[in-house]
Amino acid sequence: MNDFAGMEELMQDFLTEATDLLSDVDGKLIELEKSPRDRDLLNVIFRGFHTIKGGAGFLNATELVTLCHLTENLFDKLRNGELSLDAEIMDTIFAATGEVRRMFDALGQSRQPDAAPAHLIAELHTTLGSGAGNREPGGSQPETRNPKPETGSPDWNALYRAITGGNPAAPDVAAAPAVEIDEAKLKSSAFGRRADDIPGGKAPPATRRESDAGAKDNTIRVDTDRLDQVLNLSGEIGLTKNRLTHLRSDILQGRSDAAILRALDESVSQLDTLVVNLQNAVMKTRMQPIGRLFNKYPRLARDLARQLGKDVELALSGEETEIDKTMIEDLNDPLVHLVRNAVDHGVESPEQRAAAGKPAKSLVHLGARQEGDHIIISITDDGKGMSPEVIRNKAIEKGLLSAEAASSLNEEQSLELILLPGFSTNDQISNISGRGVGMDVVKTNIQKLNGTIGIASVPGKGSEFTISLPLTLAILPVLLLRLCNQSFAVPLSMVREILSISQDDLQQISGKATMVVRGEVLPVLPLARLIGWEQAETPEVGVLMQVGANSFILSADGFAGHDDVVIKSLDTFRPKGVAGVTMSSEGEIVLILDVKELLGEVRG
């Protein structure tokens with residue numbers, strides 16, 4: 001069922017802009033809680049709800065208009081000094097923004113959102129009092145006040161007149177969403193959109209179906225300067241191509257003097273430089289500031305802390321750090337788990353902190369920075385920390401490892417036991433944690449992004465979780481291996497060393513080939529065995545690889561250097577253990593191996 005047939009593009013535009021606006025409002029609310037008398041913040045938040053209300057009114061999303069209208073009225077009273085902000089009002093406001101986000105989800109599925117819970121509407125009315133200017137949910141009573149449009153927000157009355165050619169029935173068109181639109185006038189009006197972008201008009205097929213509710217957002221905002229750079233480089237590549245075409249024609253006609261060859265060499269070098277620059281420019285169009293993700297978490301930490309009776313501040317840094325957009329989406333779940341765990345497990349209650357001589361307010365810090373070709377994300381807290389001994393004993397108690405295995409672990413390895421499936425230090429299960437799920441999800445999701453996670457903790461002082469990720473997943477540095485005249489690629493981030501292998505170096509332990517490297521006994525896994533081929537010759541090259549906590553030697557016939565490749569996914573058919581394909585400079589297809597999956601097949 002599509003309640004917004006013919007309005008799909010308008011809806012998508014509204015949701016994109018309104019979702020960003022609501023995220024900004026959430027961030028401003030966290031600041032407002034610290035500075036409740038900040039008039040500038042009150043004005044910005046007021047304008048946010050006013051703008052969302054206006055767009056929702058244009059789409060006839062009545063229940064969203066009602067909720068935003070009441071919340072807007074509340075901020076109008078706050079900024080005019082008729083109400084004073086306190087914890088109860090803040091809880092009501094945060095509940096309202098949560099409902100607005102839920103309504104956005106319904107609109108994203110082309111459904112009219114259900115009304116906000118009756119108790120929330122009642123709380124808003126109670127807070128506002130019984131003054132005129134408040135409408136009942138779903139009602140059409142016009143507002144008695146007619147505020148002038150705030151600077152930076154749309155003038156919805158002017159918009160109504162531009163569309164219909166008439167005056168609004170109510171002083172504020174957004175407060176009376178059920179307006180009839182003259183389609184002929186709408187088509188002829190200058191609204192800054194295409195003529196077919198009208199309610200009820202013919203439009204391209206919907207970009208979001210009801211079944212796409214959980215799908216990833218495939219849109220991206222790109223700075224026009226970056227697009228201009230791509231355009232300029234494309235033009236220069238076109239000119240260089242024309243020059244090469246001309247030189248090719250000269251060579252085919254028999255001209256091969258030194259001047260022609262020198263010109264050919266210069267043109268090929270220029271093309272190489274331009275292609276590298278274009279590749280980098282295109283990659284930058286995929287990069288987004290990680291702050292768009294980080295800005296969600298202060299609200300999460302605040303709500304959870306209130307629920308647990310804790311006083312927690314989540315500080316952010318490095319929000320301007322850029323990372324591949326696809327990675328930003330996949331990072332959401334791991335960071336949610338880490339922030340929740342920091343608030344729930346990491347920091348103490350105010351009473352416990354007072355007893356330990358700490359300030360009542362706990363500090364959780366979420367930061368990002370770029371180091372070389374990697375992004376480092378850290379989540380730290382000043383809580384009670386973790387004891388490696390306690391974690392080892394808990395793991396033994398839950399049967400996750402033997403006492404003998406636990407005794408051989410160092411402090412870092414002991415802390416990493418919390419990443420095992422089923423591990424939890426909570427004896428009671430709550431709606432927040434205690435089931436032993438979450439941290440293993442964090443590890444799995446980070447590994448899918450070719451990243452690693454490290455843990456450091458000092459009992460009584462706090463803990464730090466550090467995530468290291470490649471800058472992008474679109475271009476992958478690889479080591480090229482040869483097996484039976486076929487090329488294979490493995491991620492260079494997993495390669496520790498390249499070794500030569502001779503039969504004298506191999507030792508059989510329990511029927512399996514091993515090799516000693518600087519006193520470390522490592523298993524030798526032939527690439528042919530991993531991919532299910534017959535081994536025709538004795539492998540001569542070994543690649544010492546590190547996959548998580550596991551080290552092994554991958555043996556092959558030889559290697560052909562390393563390269564930065566663009567991964568082409570195999571959408572219709574993907575063999576097990578193959579992450580994608582690329583093409584070598586000689587035009588040969590190269591399979592990019594999913595080493596983790598291949599190792600899983602061997603163990604299975």
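Residues numbered from 1 in each chain as written. Predicted model: local features only at pLDDT ≥ 70, side-chain atom pairs only at ≥ 80, totals over all residues. Heavy atoms only, no water.

## Some thoughts on the overall build of the chain
Working step 1: Across its full length, the chain holds 19 helices and 18 strands.
Working step 2: Counting over 604 residues, the chain shows a buried share of 42%.
Working step 3: Nonlocal contacts in the chain, meaning residues at least 24 apart in sequence, comprise 68% of its contacts between residues at least 6 apart.
Working step 4: Here the chain has roughly 31,000 Å² of accessible surface; of this, 51% comes from carbon and sulfur atoms. (Helix = DSSP H or I, 4+ residues; strand = E, 2+ residues; numbered from the N terminus. Buried < 20%, exposed > 50% of the residue type's maximum accessible area, 1.4 Å probe, protein only. Contact = heavy atoms within 4.5 Å. Areas by Shrake-Rupley, 256 points an atom, 1.4 Å probe, with all protein chains shown as cover.)

## Some thoughts on the packing of aromatic side chains
Working step 1: Going through the model one piece at a time under the given rule, you end up with three aromatic pairs.
Working step 2: Taking the centre distance of 5.9 Å and the plane angle of 20° together, the rings of F49 and F75 count as stacked. With F49 in helix α2 (residues 39-58) and F75 in helix α3 (residues 62-79), the pair connects residues that are 26 residues apart, well separated along the chain. Note on accessibility: F49 and F75 belong to one class, buried.
Working step 3: Note on F488 and W533: the rings are 5.5 Å apart at their centroids and 70° apart in plane angle, and the pair reads as edge-to-face. Of the two residues, F488 sits in strand β9 (residues 486-491) while W533 sits in the loop between α18 (527-531) and β14 (541-547), which places them 45 residues apart along the sequence.
Working step 4: Overall, F488 belongs to the buried group, its relative accessible area being 2%.
Working step 5: For W533, a relative accessible area of 38% corresponds to the partly exposed category.
Working step 6: Above the ring of F46, the side-chain terminus of R79 is found at 3.7 Å from the ring centroid. (Phe/Tyr/Trp six-rings, centres within 6.5 Å; stacked < 30°, edge-to-face > 60°. Lys NZ or Arg CZ within 6 Å of the ring centre and 35° of its normal.)

## Here we look at the side chain of E72
Working step 1: Mapped onto the elements, E72 comes out in helix α3.
Working step 2: A distance of 2.5 Å separates a polar atom in the side chain of E72 from a polar atom in the side chain of H50. (Polar contact = N/O pair within 3.5 Å; in protein donor to acceptor, adjacent residues only side chain to side chain.)

## Concerning the environment of I498
Working step 1: Mapped onto the elements, I498 comes out in strand β10 (residues 495-500).
Working step 2: Along the backbone, I498 and V543 are 45 residues apart, and their C-alpha atoms lie at a distance of 4.6 Å.

## Observations concerning the sheet that holds strand β12 (residues 512-517)
Working step 1: Overall, mixed pairing links the six strands, which are arranged β10-β14-β15-β13-β12-β11 in an open sheet. Both outer strands of the open sheet, β10 and β11 (506-509), are each paired with one neighbouring strand and no more. Within the sheet, the average angular offset between the axes of one strand and its neighbour, ignoring direction, is 40°.
Working step 2: Relative to strand β13 (residues 520-526), β12 runs antiparallel, the two being bridged by four bridges. In the strand pairing of β13, T514 is matched with P523. (Pairing = 2+ DSSP bridges. Axes fitted to C-alpha atoms, helices over the stretch in contact; angles between N-to-C directions.)

## Remarks on the packing of helix α1 (residues 8-34) against helix α11 (residues 297-308)
When two helices pack together, their arrangement is given by the angle between the helix axes and by the axis-to-axis distance.
Working step 1: Running from N to C, α1 and α11 point in directions that differ by 50°, and their axes come no closer than 8 Å. With respect to each other, α1 and α11 are oriented oblique. As for how α1 packs across α11, the hand of that crossing is left-handed. Here D26, I30 and E33 of α1 come into contact with α11, specifically with P298, R299 and R302.
Working step 2: Here the contact of α1 with α11 is composed, by residue class, of two nonpolar, no polar and four charged. (Parallel < 35°, antiparallel > 145°, perpendicular 65-115°, else oblique. Left-handed = near helix turned anticlockwise from the far one by under 90°. Nonpolar A, V, L, I, M, F, W, Y, C, P; charged D, E, K, R; others polar.)

## Quick word on the side chain of N445
Working step 1: Its location among the elements puts N445 in helix α17 (residues 439-448).
Working step 2: Each residue touching N445, except ones within four places of it in the same chain, is listed here: D333 and P334.

## Description of the nonpolar core
A general trend in soluble globular proteins is that nonpolar side chains are found buried together.
Working step 1: Among the nonpolar cores identified, the biggest contains 45 residues, and F14, L64, F75 and F104 are the most heavily contacted of them.
Working step 2: When residues of this core are traced back to their parent elements, those giving at least two are α1, α2, α3, α4 (87-108) and α5 (118-128).
Working step 3: Among the elements that line this core, the one with the most residues is α1, at 10 residues.
Working step 4: When neighbours within four sequence positions are excluded, F14 is seen to be in contact with T19, I52, G55, A56, L59, L64, F104 and L107.
Working step 5: L293, I375, L415 and I453 belong to the second largest nonpolar core, which has 44 residues in total. (Core = buried A, V, L, I, M, F, W, Y, C linked by side-chain atoms within 4.5 Å.)

## A look at the confidence of the model for the chain
Working step 1: Of all residues in the chain, 80% have pLDDT values of 70 or greater, and the mean over the chain is 79.
Working step 2: Within the model, pLDDT remains below 50 along residues 130-154, and this stretch shows 47 contacts once partners closer than five positions in the same chain are excluded.
Working step 3: Counting interchain partners and residues more than four positions distant, the pLDDT-below-50 stretch residues 158-215 has 87 contacts. (pLDDT = per-residue confidence, 0-100.)

## Side note on α2
Working step 1: With 20 residues, α2 should cover 28 Å at 1.5 Å per step; its first-to-last C-alpha distance of 29 Å lies within 8% of that length.
Working step 2: With a side-chain oxygen lying 3.0 Å from the backbone nitrogen of D40, the N-terminal cap of α2 falls on D38.
Working step 3: Immediately beyond the C-terminal end of α2, within one or two residues, lies N60, with a positive phi of roughly 60°. (Expected span 1.5 Å × (residues − 1).)

## Thoughts on the pattern of salt bridges
Working step 1: Under the defined criterion, the tally for this structure stands at 25 salt bridges.
Working step 2: Where E348 meets R353, a salt bridge forms, and the shortest distance between an N and an O atom there is 2.9 Å.
Working step 3: The exposure class of R353 is buried, given its relative accessible area of 1%.
Working step 4: With its nearest N and O atoms 3.0 Å apart, the salt bridge here joins R353 to D382. (Salt bridge = Lys/Arg side-chain N within 4 Å of Asp/Glu carboxyl O.)

## As for the pairing of β9
Working step 1: Counting buried positions along β9 yields five of six residues, so the element is predominantly enclosed.
Working step 2: As defined by bridge partners, strand β8 (residues 475-483) adjoins β9 across six bridges and the pair is classed as antiparallel. Within the sheet, the bridge partner assigned to L481 lies in β9 and is F488.
Working step 3: Where β8 hands over to β9, the hairpin turn is made up of two residues, of which C484 adopts a positive phi near 55°.
Working step 4: Of the strand pairs in this sheet, β9 and strand β18 (residues 589-593) are connected by two bridges, and their pairing is parallel. By the bridge assignment, A489 is partnered in β18 with I592.

## Considering helix α8 (residues 224-252)
Working step 1: Taking 1.5 Å of rise per residue, the 29 residues of α8 would be expected to cover 42 Å, and the 42 Å separating its terminal C-alpha atoms lies within 8% of that figure.
Working step 2: Burial in α8 covers these residues: V230, L233, I237, T240, L244, L247 and D250.
Working step 3: Remark: G254 follows α8 within two positions and exhibits a positive phi of approximately 100°.

## Overview of the sheet that holds strand β4 (residues 362-371)
Working step 1: Strand order in the open sheet formed by five strands is β2-β4-β5-β7-β6, and the pairing between neighbours is mixed. Two strands close off the open sheet at either side, each with one partner strand: β2 (312-317) and β6 (452-458). Strand-to-strand twist of the sheet, defined as the mean angle between neighbouring strand axes without regard to direction, takes the value 15°.
Working step 2: The pairing of β4 with strand β5 (residues 374-381) spans eight bridges and is antiparallel.

## Comments concerning the packing of α3 against α5
Working step 1: Between α3 and α5, whose axes approach to 10 Å, the crossing angle comes to 25°. Classed by the angle they form, the pair α3 and α5 counts as roughly parallel. Every pair of crossing elements has a handedness; the one defined by α3 and α5 is left-handed. Contacts between α3 and α5 involve L67, L70, T71, N73, L74 and K77 on the former and, on the latter, L120, I121, L124, H125, T127 and L128.
Working step 2: Counted by class, the contact of α3 with α5 contains seven nonpolar, four polar and one charged residues.

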